[in-house]
Amino acid sequence: MGNHRGGDRPGDCRDRIDPAMSRLRHLLRNLFQKKRVEEEHDDEVRSYLEMSAAEKMARGMSADEAQRAARLEAGGVEQVKEAVRDVRAGAWFEQLHQDVRYGLRALRRRPGSTAIAVLAVGLGVGSATAIWSVADAVLIRSLPVRDLDRTVMVWQQDLTTDRDRITFSPAEYLDYRDAGRSFESLGALQPGSAIVRLGDTPTALETARVTRSLFDTLDIKAALGRAFVPDEERPGRDHVVMLTNGFWQRQFGSDRHVLGTMISLQGDSASGADATALADGPYTIVGVLPPQLPVFYSQADVWIPLPLDRSQLSRTVRGLRVFARLRPGVLLERASADCNAIARDLTARYPETNRDIHAWLVPLRSEDIGDIQPSILTLLAAVALLLAIVCANVANLLLTRAVEREREISVRLALGASRRRLIRQLLTESLLLGLSGGGVGLLFAASATHVVRVLGPATISRVREVALNGPGFAAALAISLLTSLLFGLAPALKASRSDVTEALKQRSGPAKGGERLRQILVTVEIALAFVVLAGTAAVIKSYLRLDSHLGYEPSHLLTARIGLPRAKYSDPGKREAFFRAVLEQLRSTPGVVAAGAVNILPQADTNQSVSFTIAGRPTAEGQARNARLRVASPGYFRSLGASILRGREFEERDLPGGAVIVSRAAAQRFWPGENPLGQQVELTLSTRRTPMLPIVGVVEDVRQWNVSAGEPTLYWSSMIQPSYSLAVRTAGDPADLAPLLLDSVRRVDPDQPVSAVATMAARLARSQGTTFGRFRSAVMTWFGLAALLLSIMGISGVIHYSMVQRTQEFGVRTALGARAGDVIRIVLTQALRLVLVGSAIGLLGSLALTRVLARYLYGVERVEPWIAGGILVSLGTVALTAALVPAAKAARINPIVALRHE
Amino acid sequence: MGSDLLKGTLDLLILRVLAIGPNHGLGISRRIRQVSGGTFEVKPGSLFPALHRLEEQGWLAARWGESENHRRAKFYQLTKSGRRQVDAETSTWETIAAAIARAIAATA
């Protein structure tokens, strides 16, 4: 009012500042000297009344009369005070404080149901946040690669044998590099191994031979020093290495002066058989790689340039992992078509090696996430279900409380509370409930993500980066707050609209509408719990099946790898003599049950394949046959614990001429309905062809490193390979025998290093499939438990409450002659009906869910009847117990007491 | 009209009463009744909130003193900005009153 009038006056500015300052001063005084402000006001009102009474006495009233008249005239001392409080600066703050205090008192009055609600919200919000945080770190956040969407891995696959992820031979890589029109950049990496001499002891190293272009393709820059330069791809100039960050830390203590140091490398066989073989000699350290590399299937210690000279490259030895960056605007489909045109051309030009070989492009992101994606989606679905259960729980609880409080609310309205204030107070109470639950959830989520970050399997990319996800927590909290507000608001509105006198007259009986809504909520909750429990059971069962179908016996098994230096062991006879001697040493060691050797152990992430022909079957009619190849020593299957299904294990007599054992899957594919024993096959190896070899046995399928065990495999008896893995079956703890294993090797050749000494159980635990399987089942188990717990809370809470509400009705029934048995029967029938309807809906949901899960999980085809039955029985037990306790009490109660029950 | 004073009117009345000199709650109430010829009966339920509001605006200052018949009472008096406010509110009120009077005359 004053402003538009005072606009042209000099004091204008002060006019606006003074009120603001004054209000601020009063606000502070009201908030921090509340007691004094109140006392002063009390005094003021009292003095007013005294003076008013004095006036009236002066007019001839008696003291008593005057005082009463003064009070009457003033219109209620408390109302006056309240009116002043309402206009004071900071009144809203005052009222909020009051609402919170009342809210807390109301929550404390029912400690049981409050604790349940807070725990339910906490558990739900916490689990949801934790899982979202993991999913976000592992699945959603990007790999540290520029243009990730355009980065792919290029593989070859053989559609006739379902073999996928076939690596490239150096010649094939060059063919694709030169002919591929879709690529902006193409790079390759070849895993291998070498022996390094650091001081006196020879140590085995994992190596990666990389093309110069790989640094561009994957946008990798040296963390220290420099990357390779194009000149270093020429043979002879390639004696330079880069250390991976982990190796630099382990071996050199992150010493920055390591650049320029020479290390002496000795190539072993696994580093390549032809021109790509690692040359022996001193290598100069030129750089250190960054800690995070977007490179898969390689745990290399050092990177070494891979010189590729077209004139002397192999077409048969495949070991290159190829990474590519597509040109901008080129879609995956077009790039695939482009690559397959190259593949068809290669098939035409080199039918020996490239028949039925197609190109297969996998986005780097899916290669990275791999099997985890469906699992994460499963987890997210589980989170959604869990949150739904939480919401149903909270809704139920609030509705229950609202019915209980209808009378309290009416009384307060009658005593003059304003409706707005009342609604605000009920909402404050709901909010408090939601926020305390959120606090518990935050604590829970923070500790859960911490556990995952620290204990999560390292094979899952970026698991160490898992951190509490703020937006995820906010979303989960918002959902639960919204639920509590929504279901807290409905009764508040209803109560404040209702006619006060009517509500006061009404006895606190069950409100029919609320009862129906609650029954629906319980049914929904039972259905949701059923689905989550069935899903959990399916995931756990799949994992157990996976673990028990390895095809071999992983316990009591010690493994190690030996790669012989090429120069020293150039003679095949020397190699055979070495491994034969080592195995004999081992077999005579006390505690060793059996010992054998194989080129690639189960759970290793490398592979080797072979094409072969079957005697008496012309290759023209049958296609070129391909299978996984394993080269094994006599006694290998006994050591591994793989069952021989037909025929026999490799023996000494198989070594000079060579023999073959086929896997169950190979027998089924290549000799369907026939006995493969006595048949003959000819293997096409990298450098030569074997003569016709007799098949002497059929062995159970052994799971390699992916889920499917049934890849056709041929085992060839030979001990002249330059590198083998040892499999030693022990009587006791295999870890105890590790020193003896090293001794045995040292006794044969003191200069020969042994690498990767580990028990099979440890290797298995490290492998990606297993760790993720375990991770997933641990998380799913947690979910199942949380869902079960939440449903128990919800179901028992609501059923219990509805029984208590009916105490009066039971009293009437008992008074009219019903016996305890009748009352209990009514109760149980009602509870059972809820369980049956809820479970039926849940079963339908589970059937739908299982169809989805079956695509991702091993051995999940249907909802097992015993699982469904088990869930039904547990949910039924919970519901019936919850109903029975109050029902039994109600049945025993004196009808008179029951009738008075409110 | 009883206690249903027009909003803003009560503030103006209080300010004008205090423009004469400091007074306590009961005194202000009696004075308003007197000057309005008994038209306005201000009850403590509206008087005290208004006094506190005006005090918090910085237009009134309060101090404890002794009443005419020797009782302790809280006296209110105008501050400097309160005085300016009396002028401002008075002229605003006059403008409105004149406008309404003209409007009534025109439609009568």
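All values reported here derive from a predicted model rather than from experimental measurement.

This part takes up the overall build of chain B. The helix and strand tally for chain B stands at 4 helices and 3 strands. Along chain B, from the amino end to the carboxyl end, the secondary structure elements read α-β-α-α-β-β-α. Looking at chain B as a whole, 36% of its 108 residues are labelled buried. Expressed as a percentage of contacts within chain B between residues at least 6 apart in sequence, the contacts between residues at least 24 apart total 52%.

Counting secondary structure elements, chain A contains 29 helices and 22 strands. Within the span of chain A, comprising 902 residues, buried residues form 43% of the whole. Long-range contacts, defined as pairs at least 24 residues apart, comprise 82% of the intrachain contacts of chain A with a sequence gap of at least 6.

A few words now on the sheet that holds strand E2 (residues 60-66) of chain B. Residues and elements named next belong to chain B. The sheet built from 3 strands is open, its strands ordered E1-E3-E2 with antiparallel pairing. Single-partner strands in this sheet number two, and they are strand E1 (23-24) and E2. Where E1 and strand E3 (residues 72-78) come together, 2 bridges link them in antiparallel fashion. Counterpart to His24 in the pairing with E3 is Phe75. Where helix H1 (residues 9-20) meets the sheet, its contacts fall on E1, E2 and E3, and the angle it forms with E3 comes to roughly 100 degrees.

Looking now at the interface of chain B and chain A. Each partner contributes to the interface: chain B provides 25 residues, whereas chain A provides 29 residues. When residues of the side of chain B that touches chain A are traced back to their parent elements, those giving at least two are helix H2 (25-35), helix H3 (44-57), E3 and helix H4 (80-107) of chain B. Residue contributions to the side of chain B that touches chain A peak at 8 residues, all from H3 of chain B. Residue composition of the side of chain B that touches chain A, grouped by class: 6 nonpolar, 11 polar and 8 charged.

Our focus in this paragraph is the confidence of the model for chain A. For chain A, mean pLDDT is 80; residues scoring 70 or higher make up 84% of the total. Low confidence marks residues 1-14 of chain A, where pLDDT is under 50. Its contacts with residues over four positions away, or in another chain, come to 14 contacts.

All right, on to the nonpolar core then. Residue and element names in this part refer to chain A. In terms of nonpolar packing, the biggest core is built from 113 residues, with Val322, Val660 and Leu714 touching the most fellow members. No other element matches strand E3 (residues 183-198), which puts 7 residues into this core. Each of domain 3 (161-355) and domain 4 (566-751) accounts for three or more of the residues forming this core. Ala448, Leu875, Val878 and Ala891 belong to the second-largest nonpolar core, a separate cluster that totals 87 residues.

Interpreting fine coordinate detail is not advised for predicted regions of low pLDDT. Of all residues in chain B, 93% attain a pLDDT of 70 or more, and the chain-wide mean is 85. Both confidence scores are given for the complex: pTM 0.55, ipTM 0.87.

Further remarks concern the packing of H2 of chain B against H3 of chain B. Residues and elements named next belong to chain B. One way to put it is that H2 packs onto H3 with a least axis distance of 11 Å and a crossing angle of 115 degrees. By the criterion of interaxial angle, the relationship of H2 to H3 is roughly perpendicular. Between H2 and H3 the crossing geometry is right-handed. Facing H2, whose interface residues are Gly25, Ile28 and Ser29, H3 presents Pro44, Leu47, Phe48 and Leu51. A breakdown of the residues in the contact of H2 with H3 according to their chemical character gives 5 nonpolar, 2 polar and no charged.

Remark: a regular strand shows side chains that alternate across the two faces of the sheet. Residue and element names in this part refer to chain A. In terms of burial, strand E15 (residues 625-632) is a largely internal element, 8 of the 8 residues being buried. Relative to strand E20 (residues 713-717), E15 is paired through 5 bridges, and the arrangement is parallel. By the bridge assignment for E20, Leu629 is matched with Leu714.

Time to look at helix H19 (residues 572-587) of chain A. Residues and elements named next belong to chain A. Helix length check: H19, at 16 residues, gives a terminal C-alpha distance of 23 Å against a target of 22 Å (1.5 Å per residue), a fit within 8%. Those residues of H19 that sit buried are Arg575, Phe578, Phe579, Val582, Leu583 and Leu586. Buried residues of H19, seen end-on, are gathered within an arc of 125 degrees and therefore sit on one face of the element. More than 90 degrees from the buried face of H19, the exposed residues found are Gly573 and Lys574. Taken together, the buried residues of H19 touch strand E13 (592-598), strand E21 (723-730) and helix H23 (738-748).

Backbone phi values are negative for most residues with the exception of glycine, while trans is the configuration of most peptide bonds. All names here are of chain A. Despite not being glycine, Ser254 shows a phi value in the positive range, around 55 degrees. Judged by the 12 C-beta atoms lying within 10 Å of it, Ser254 is exposed. The backbone of His556 sits at a positive phi, close to 55 degrees, despite the residue not being glycine. The topology assignment puts His556 in the loop between helix H18 (512-548) and strand E12 (557-563).

The next point concerns the packing of H19 of chain A against H23 of chain A. The packing of two helices is summarised by the inter-axis angle and the distance between the axes. Residues and elements named next belong to chain A. Direction vectors running N to C along H19 and H23 enclose 140 degrees, while the axes themselves pass 9 Å from each other. Regarding the angle of H19 to H23, the classification is oblique. Crossing geometry of H19 relative to H23 is assigned as right-handed. Residues Phe578, Ala581, Val582, Gln585 and Leu586 of H19 pack against Leu741, Ser744, Val745, Arg747 and Val748 of H23. In terms of residue class, the contact of H19 with H23 is made up of 7 nonpolar, 2 polar and 1 charged.

So, on to H3 of chain B. Given a rise of 1.5 Å per residue, 14 residues ought to cover 20 Å, and the 19 Å separating the end C-alpha atoms of H3 of chain B matches this to within 8%. Directly beyond the C-terminal end of H3 of chain B, a positive phi value near 90 degrees is found at Gly58 of chain B.

What follows deals with the environment of Gly488 of chain A. Residues and elements named next belong to chain A. In this fold, Gly488 is placed in helix H16 (residues 470-497). Residues Gly488 and Leu397 lie 91 residues apart in sequence; the distance between their C-alpha atoms is 9.6 Å. For Gly488, the contacting residues outside a window of four places in its chain are Leu398, Leu426, Leu427, Glu429 and Ser430.

Right, let's get into the environment of Tyr173 of chain A. Residues and elements named next belong to chain A. Here Tyr173 lies in helix H8 (residues 170-179). Each C-alpha atom of the pair Tyr173 and Arg318 lies 9.6 Å from the other, and the pair is 145 residues apart in sequence. Not counting residues up to four positions away in its chain, the partners in contact with Tyr173 are Phe168, Ala188, Leu320 and Val322.

Residue and element names in this part refer to chain A. Mapped onto the elements, Ala337 comes out in helix H11 (residues 332-349). A tally of 12 C-beta atoms within 10 Å means that Ala337 is categorised as exposed. Sequence separation between Ala337 and Ala359 is 22 residues; the distance between their C-alpha atoms is 8.6 Å.

About the cut-offs
- Residues numbered from 1 in each chain as written.
- Chains lettered and ligands numbered in written order.
- Predicted model: local features only at pLDDT ≥ 70, side-chain atom pairs only at ≥ 80, totals over all residues.
- Helix = DSSP H or I, 4+ residues; strand = E, 2+ residues; numbered from the N terminus.
- Buried ≥ 20, exposed ≤ 12 C-beta atoms within 10 Å, placed from the backbone.
- Contact = placed C-beta atoms within 7 Å.
- Pairing = 2+ DSSP bridges.
- Axes fitted to C-alpha atoms, helices over the stretch in contact; angles between N-to-C directions.
- Nonpolar A, V, L, I, M, F, W, Y, C, P; charged D, E, K, R; others polar.
- pLDDT = per-residue confidence, 0-100.
- Core = buried A, V, L, I, M, F, W, Y, C linked by C-beta atoms within 7 Å.
- Domains from an automatic or database assignment.
- Parallel < 35°, antiparallel > 145°, perpendicular 65-115°, else oblique.
- Left-handed = near helix turned anticlockwise from the far one by under 90°.
- Expected span 1.5 Å × (residues − 1).
- Arc of directions from axis to C-beta.

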